[in-house]
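Examining the three-dimensional arrangement
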Amino acid sequence: MKIADLGDIHVHYRIDGDPEGHPVVFANSLGTDLRLWDAVVALMPPGVKLVRYDKRGHGLTDCPKGPYSMGTLIGDAERLMDHLELKDAVFVGLSIGGMIAQGLAMKRMDLVRAMVMSNTAAKIGTPDAWDQRIATVREQGIEPLADGVMEKWFTQSYRETTAFHGWRNMLIHQPPEGYAGCCAAISHSDFMASTAQLTLPTLAIAGSEDGSTPPDLVRETADLVQGSRFELIRGAGHLPCVEKPVDYAGLLTGFLHEVGHA
Ligand SMILES: O=C(O)CC1=CCC(=O)O1
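Residues numbered from 1 in each chain as written. Predicted model: local features only at pLDDT ≥ 70, side-chain atom pairs only at ≥ 80, totals over all residues. Heavy atoms only, no water.

Named according to an unreviewed UniProt entry, the protein chain is 3-oxoadipate enol-lactonase originating from Tranquillimonas rosea.

This is the structure:
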């Protein structure tokens, strides 16, 4: 197991692929840990260094008291990349991970050579809805939210599989403090103005049945970035890397070739 000591936080990360290869960094969504990328990582081409991590309050990373700010989450990604001496990465961010990607690309162009904005937006949800979610988690834990969240994450047919139960368990086993802390970070974030200033190779990916960041929202966000293109994965919800890993890995591999990373 790999843990980075960043001074005020211990961050769990994992490296697969070629240690000397071009870096690809994966940042996952709210309520998930780095296993989110297992199926996609297994399908990546040779010659790339695949780095993933658990954001604060999730997985095996420390869970400091919340609420967290998006700036702190971006700072964690930045400090982890500096710690691992990663530069010129393709940064793949899903949902809140995609918000981290947008913020990091704005702050540190030396770290982010290109980005994948997966199932994300410049602004996700409304502060009222996030406040309600935070209140529920603080009073009752994550379980009462789980069925509603699963309808956003997965299509009906995936929700009938055995594997589905593992993802539901992943959600409800996250520390409530960390989950609520990240909800607060999303609630207060609006990257509309800053993302509109970005110019870098960008692949936006949406899932046709995504109940959290529907395709039109992802497309609108991608349109803010000069150098972006948009791809839709059919038959997938908010986590197409889980539901359609072959399609997802195919898009990612094509993009890595385009930017000279594979
Ligand atoms: O859990 C959800 O509603 C989906 C989601 C929104 C932001 C994120 O990271 O995941």
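Resuming the write-up.
**Focus: the overall build of the protein chain**
Along the protein chain, the regular secondary structure elements total 11 helices and eight strands. Over its C-alpha atoms the protein chain spans a radius of gyration of 17 Å, differing by no more than 12% from the 18 Å that the globule rule assigns to 262 residues. With the C-alpha coordinates of the protein chain rotated into their principal frame, the extents come out at 50 × 40 × 35 Å. Split into buried and exposed, the 262 residues of the protein chain put 57% on the buried side. Once local pairs closer than 6 in sequence are excluded, the contacts in the protein chain between residues at least 24 apart make up 76%. In the protein chain, 23 positive and 33 negative side-chain charges are present, and the distance between their average locations comes to 1 Å. (Helix = DSSP H or I, 4+ residues; strand = E, 2+ residues; numbered from the N terminus. Rg over C-alpha atoms; globule rule 2.2 N^0.38 Å. Buried < 20%, exposed > 50% of the residue type's maximum accessible area, 1.4 Å probe, protein only. Contact = heavy atoms within 4.5 Å. Lys, Arg positive; Asp, Glu negative; His and termini not counted. Charge placed at Lys NZ, Arg CZ, Asp CG, Glu CD.)

**Points about the site of the ligand**
The full set of residues close to the ligand is Ser29, Leu30, Ser95, Ile96, Trp130, Arg133, Val149, Lys152, Trp153, Ile186, Ser212 and His238. Within the backbone of Leu30, a nitrogen or oxygen atom sits 2.9 Å from an oxygen atom of the ligand. One nitrogen or oxygen atom from the side chain of His238 is found 3.4 Å from an oxygen atom belonging to the ligand. Here the ligand loses 99% of its free accessible area of 290 Å² to cover by the protein chains. Among the cavities detected, the one that contains the ligand is the largest pocket. Within the residue set of the shell around the ligand, elements represented by two or more residues are α4 (127-140) and α5 (143-153). Here the shell around the ligand gets three residues from one element, more than from any other, and that element is α5. (Near = heavy atom within 4 Å. Polar contact = N/O pair within 3.5 Å; in protein donor to acceptor, adjacent residues only side chain to side chain. Areas by Shrake-Rupley, 256 points an atom, 1.4 Å probe, with all protein chains shown as cover. 1 Å grid on protein atoms, 1.4 Å probe; cavity = no way out; pocket = protein on both sides within 12 Å on 5 of 7 lines; lining within 4 Å. Sits in = over half its atoms within 2 Å of the grid points.)

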